[in-house]
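Inside the fold
Given next are the chains, with one letter for each unit.
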Amino acid sequence: MNSIDKTARMAGFLYLIYMATHIVSDVWRDSFIVLGDAAATVSNIRTHDGLFTITAVGDLLAAALFFLAAWALYVLLKPVNKNLALLFLLLNLTGVAIHCMSALNLFAALLLMNGPDYLNVFQVVQLHALAMFFLDLREKGFMLAQLFYGAWLFPLGYLVFKSGFLPRILGLVLMVHCFTWLSTFFQSFLFPGFDAITYVSYPLGLIAELGLTLWLLIKGVKEQK
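Remember, predicted model here, so these are calculated numbers, not experimental data. (Residues numbered from 1 in each chain as written. Predicted model: local features only at pLDDT ≥ 70, side-chain atom pairs only at ≥ 80, totals over all residues. Heavy atoms only, no water.)

Taken together, the side chains of L144, F186, F189, L190, F191 and F194 present a nonpolar region at the surface, about 630 Å² in accessible area. Considering every element that reaches the nonpolar patch, the biggest residue donor is helix α7 (residues 168–190), with 3 residues. By secondary structure assignment, the location of L144 is in helix α5 (residues 124–151). The exposure class assigned to L144 is partly exposed, which follows from its relative accessible area of 38%. (Patch = residues over 30% accessible without salt bridge, like charges linked within 9 Å, V, L, I, M, F, W, Y side chains within 5 Å. Areas by Shrake-Rupley, 256 points an atom, 1.4 Å probe, with all protein chains shown as cover. Salt bridge = Lys/Arg side-chain N within 4 Å of Asp/Glu carboxyl O. Helix = DSSP H or I, 4+ residues; strand = E, 2+ residues; numbered from the N terminus. Buried < 20%, exposed > 50% of the residue type's maximum accessible area, 1.4 Å probe, protein only.)

Here it is, written out as structure tokens:
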């Protein structure tokens, strides 16, 4: 197996593990959160604080895996255009940094729920409200990372399109997905009650990113002469 094929399959493997870790952590964590009810949310998390901690660690692990997948894609696509490959790597790294910073809010919420004695100066209802605040702040921080997670898709898609060793249709879908995902970012902050754009961006994202992942993992690529 040639080196470029190994790199492609490694990129696909890391991308797949990232998506699985991210989805499981998010779905699991969201099952504890009751929107608008701080007391119920705190009760759920305290009952399963070990599992909630695992989801917080999983959030950080997913971010690290995402960057490693981006690095493998950078190595794979650098021969096509080094500058654009570096651009999508830096965009991904910026999103990952914001993603990790937002995950700290999950640990802040845990501290407020099971914190040391110095937090006794706050009333219980205040601690619950602050914990809910940090959980909401994590969501805002994660959505902020989507600006860069969306932007990196265009240079990535362009390089996939131009590579000659990956399907052009995947490159086109990735570039289109860039704009739909950026629309989701702006909608979440500017029009939070309007979710129609997600009906397009989520399925398209699944097709684009999962399609690239499975192609790299299963088909790989062949050395170009």
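Picking up after the structure, the text goes on.
On to the confidence of the model for the protein chain. Summing up the model confidence of the protein chain, the mean pLDDT is 91 and the portion of residues at 70 or higher is 98%. Helix α8 (residues 198–219) is the least confidently modelled element of the protein chain, averaging 88 in pLDDT, while helix α6 (residues 153–163) averages 96, the highest of any element. (pLDDT = per-residue confidence, 0-100.)

Quick look at the nonpolar core now. In terms of nonpolar packing, the biggest core is built from 42 residues, with L73, L76, L77, F88, W152, L156 and L166 touching the most fellow members. Considering each element in turn, this core owes the most residues, 11 residues, to helix α3 (residues 49–77). Setting aside anything within four residues of it in sequence, one finds L73 in contact with A11, Y15, F88, W152, L156 and L216. F52, A109, L119 and L127 belong to the second largest nonpolar core, which has 16 residues in total. (Core = buried A, V, L, I, M, F, W, Y, C linked by side-chain atoms within 4.5 Å. Contact = heavy atoms within 4.5 Å.)

With that settled, consider the pattern of salt bridges. Evaluation of the coordinates by the stated rule reveals 6 salt bridges. Where D26 meets R138, a salt bridge forms, and the shortest distance between an N and an O atom there is 3.7 Å. Here D26, found in helix α1 (residues 3–30), pairs with R138, found in helix α5; they are 112 residues apart in sequence, far enough to count as distant. Residue D26 is classed as buried on the basis of its relative accessible area, which comes to 15%. Owing to a relative accessible area of 1%, R138 belongs among the buried residues under this scheme.

Our focus in this paragraph is the packing of aromatic side chains. Following the criterion strictly, the structure yields 14 aromatic pairs and no others. Ring plane angle 70° and centroid distance 4.9 Å describe the contact between F185 and F186, whose orientation is recorded as edge-to-face. Residue F185 is classed as buried on the basis of its relative accessible area of 8%. In this structure an aromatic cluster arises from ring pairing among Y15, Y18, F66, F88, Y149 and W152. We note R138 situated over the ring of F142; from NZ or CZ to the ring centre the distance is 4.6 Å. Between K219 and the ring centre of W215, over which it is positioned, the NZ or CZ distance is 5.6 Å. (Phe/Tyr/Trp six-rings, centres within 6.5 Å; stacked < 30°, edge-to-face > 60°. Lys NZ or Arg CZ within 6 Å of the ring centre and 35° of its normal.)

So, on to the environment of F66. Tracing the backbone shows F66 in helix α3. Using a relative accessible area of 2% as the deciding quantity, one classes F66 as buried. Measuring from C-alpha to C-alpha, the distance between F66 and F134 comes to 24 Å, with 68 residues separating the pair along the chain. For F66, the residues in contact, after removing those within four places along its chain, are Y15, Y18, N92, Y149 and W152.

Take the side chain of S188 next. Examined against the element boundaries, S188 turns out to sit in helix α7. Among the polar contacts listed, one links the side chain of S188 to the backbone oxygen of F185, at a separation of 2.6 Å. (Polar contact = N/O pair within 3.5 Å; in protein donor to acceptor, adjacent residues only side chain to side chain.)

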